[in-house]
Amino acid sequence: AVLAIGALFGVLVLVFALRRALGGRLLEAQILAIPAAAVSLGLVFGVVLPAAWPIWITARVSHHLVEGGAIASGAPIAAIGYREDSLVHATNGRLIPLADTALQSWIQDHPDGWVVLPEAQATGVDQLAVTGRVSGFNYSNGDWFDLAVARVTPPEPEPRDEPADS
């Protein structure tokens, strides 16, 4: 309702401003355009953008890392594909960018680590336990991401053959 009322107010004020401008009264048109711009910007930054969940990828990835304990524990965090500066900041500068081919060796070197990677790539790795999924639009490069936030898990121990009793 707030959005509709604000949009209606903005349109009405702009119509009055346009009528003044077409009538040659440019100063009055400019004065009327100022509150329309203020209302429009307030609605965009206060209502529209906060509700546009697909563009807030880093905030949602960071939420999964915080809830999982990765940030508080100081665990190493790697990312494949999604390497935004905002994610580096959200991880307190601990984000390690990885190439696709380096994942397995990184997992072996960091058994307590966390990884942010494309969801399709996470499903094929046994040593990763997916703790969260995030989909969204990266407005800085125009790409859509389907990401998984995963914790490195130790491999299952090999079953040992028990000697038979004689």
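Residues numbered from 1 in each chain as written. Predicted model: local features only at pLDDT ≥ 70, side-chain atom pairs only at ≥ 80, totals over all residues. Heavy atoms only, no water.

Considerations on the overall build of the protein chain
In step 1: Each helix and strand in the protein chain was counted, giving seven helices and five strands.
In step 2: Beginning at the N terminus, the succession of helices and strands in the protein chain can be written as α-α-α-α-β-α-β-α-β-α-β-β.
In step 3: Compactness check: the protein chain gives a C-alpha radius of gyration of 26 Å against a globular reference of 15 Å for 166 residues, more than 25% above the reference.
In step 4: Along the first, second and third principal axes, the C-alpha atoms of the protein chain reach 105 × 30 × 25 Å.
In step 5: Here the protein chain holds 166 residues, and 28% of them are scored as buried.
In step 6: Accessible area of the protein chain: about 10500 Å², with a carbon and sulfur share of 62%.
In step 7: One finds the centroid of the 9 positive side-chain charges in the protein chain at a distance of 22 Å from the centroid of its 16 negative side-chain charges. (Helix = DSSP H or I, 4+ residues; strand = E, 2+ residues; numbered from the N terminus. Rg over C-alpha atoms; globule rule 2.2 N^0.38 Å. Buried < 20%, exposed > 50% of the residue type's maximum accessible area, 1.4 Å probe, protein only. Areas by Shrake-Rupley, 256 points an atom, 1.4 Å probe, with all protein chains shown as cover. Lys, Arg positive; Asp, Glu negative; His and termini not counted. Charge placed at Lys NZ, Arg CZ, Asp CG, Glu CD.)

Focus: the sheet that holds strand S3 (residues 114–118)
For sheets, the rule is that strands pair by backbone hydrogen bonds, running either parallel or antiparallel.
In step 1: The sheet built from five strands is open, its strands ordered S2-S1-S3-S5-S4 with mixed pairing. Whereas interior strands pair on both sides, the edge strands pair on one side only; in this sheet they are strand S2 (95–97) and strand S4 (128–138). Within this sheet the neighbouring strands show an average axis-to-axis angle of 25°, counted without direction.
In step 2: Together, strand S1 (77–79), S3, S4 and strand S5 (143–152) form the strand contacts of helix H3 (residues 57–68), whose direction differs from that of S4 by roughly 165°. (Pairing = 2+ DSSP bridges. Axes fitted to C-alpha atoms, helices over the stretch in contact; angles between N-to-C directions. Contact = heavy atoms within 4.5 Å.)

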